[in-house]
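Each chain is listed here by its residues.
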Amino acid sequence: MKKILGVAVLVAALIGGSTIAAQAQIANAGNSANAQHPAAPMSVIFDTDLGNDIDDIIALDMLINYENQGRIRLDAITVCKSNPMALGAVKAYYELRGTGNPAYGFAYNGATPDAGQFLAPVCDALKATQVTSAEPAERTLRRVLAQSPDSSVVLIAVGPFTNIARLLQSGPDDLSPLTGRELARQKVASFTIMGGDIRPGANKEFNIYCDVPASAIMFEQWPGTIVASGWELGNAVLYPHQVIESLPAEHPLRIAYEHYLPTPYDRDCWDETAVLHAIEPNDAYMSLLPPGRVKVDEIGRTLFTPDTSGNVRYLKLATDTLSNIIADRSRAR
């Protein structure tokens, strides 16, 4: 696989090297991020399909680090992979590293109900059990949004958009007199997704085609701006395998990595780029392409039409060292 410039330098620093350049680069990145800290932690909801790819675990690690640093508060983690081991793994992994008390929700009768390659061994390592009595994710989303101040929630979705579509189609209930669309409009400050590929002639992308109806509902009905990290961006940013292989053999991320694909490999940073921009939207690592609208066709391709009044903004890579930043943001502290 191709390497992103600077990975070797970063890995030396992360796994015990002493190169001055790497230390300076990480320190500068940390100083820049610290300068952007809000006065109070931002409220975050993370919708994930952990179990389909290892980038979800790394993205969750990033959010846990942000929370442990006091930058965010993870108010909810909703799981859109419809396998009970997925939620079990998410809860156990958060309890291993996290310090907060997020609400949890689950997509019943949703996409990708299979166990995948690594959920079972990760659950074994975490001593996690299948969760079969969790709150439906759309209700979790409604409850957390209803309890939040207006324009306060950072919503990040990095899997099939089952839970987002169900939120948008929900009506008033005992939690709120507002519809799901009204709650999203009133409570969500920013909405960042990983999904789609808008290059001319591009093929369908996993998060979109796994639940085509949900993807179409999201793009058509979301009441604000959607910032999207597309397939092509994450594909250009590779997470260095040396960082994962430096972890203890019993670490759940290393176990997932070793069961997911033949090792060694540098995995694409699809979900991590969405998380990074959502939490650090003023960074210099990615820029926003001009706005447009997205139509999802019957097989899950995302057809993008430029439109100055459109509500979809795709991200574009602005640096060739983004893998360094992501590896630093996600490493255990």
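That block above? That's the structure.
The sections below set out a description of the structure shown in this document. Predicted model, so just to flag it, every value in this text is computed and none were measured.

### Things to note about the environment of Phe46
Moving on, step 1. Residue position: Phe46 is located in strand S1 (residues 42-48).
Moving on, step 2. Separated by 30 residues in the primary sequence, Phe46 and Ala76 have C-alpha atoms spaced 6.4 Å apart.
Moving on, step 3. For Phe46, the residues in contact, after removing those within four places along its chain, are Asp56, Ala59, Leu60, Leu63, Leu74, Ala76, Ile77, Thr78, Ile156, Val158 and Val275.

### So, the packing of aromatic side chains
Moving on, step 1. Applying the stated criterion to the full structure yields seven aromatic pairs.
Moving on, step 2. Centre to centre, the rings of Phe106 and Tyr108 are 4.9 Å apart; their planes meet at 90°, and the pair counts as edge-to-face.
Moving on, step 3. Residue class for Phe106 comes out buried when judged on its relative accessible area of 4%.
Moving on, step 4. Centre to centre, the rings of Phe206 and Tyr209 are 5.7 Å apart; their planes meet at 75°, and the pair counts as edge-to-face. On the criterion of helical spacing, the pair formed by Phe206 and Tyr209 is a turn pair, its members being three residues apart in helix H9 (residues 206-209).
Moving on, step 5. One residue, Lys204, lies across the ring of Tyr209, its end atom 4.7 Å from the ring centre.

### Thoughts on the pairing of strand S12 (residues 312-317)
Moving on, step 1. Here strand S6 (residues 226-229) pairs with S12 via three bridges, running parallel. Note that in S12 the partner of Ala228 across the bridge is Tyr314.
Moving on, step 2. For strand S9 (residues 286-288) and S12, the ladder comprises three bridges, and the chain directions are antiparallel. Following the sheet pairing, Ser287 is matched in S12 by Lys316.

What counts, and at which threshold
Residues numbered from 1 in each chain as written. Predicted model: local features only at pLDDT ≥ 70, side-chain atom pairs only at ≥ 80, totals over all residues. Heavy atoms only, no water. Helix = DSSP H or I, 4+ residues; strand = E, 2+ residues; numbered from the N terminus. Contact = heavy atoms within 4.5 Å. Phe/Tyr/Trp six-rings, centres within 6.5 Å; stacked < 30°, edge-to-face > 60°. Buried < 20%, exposed > 50% of the residue type's maximum accessible area, 1.4 Å probe, protein only. Lys NZ or Arg CZ within 6 Å of the ring centre and 35° of its normal. Pairing = 2+ DSSP bridges.

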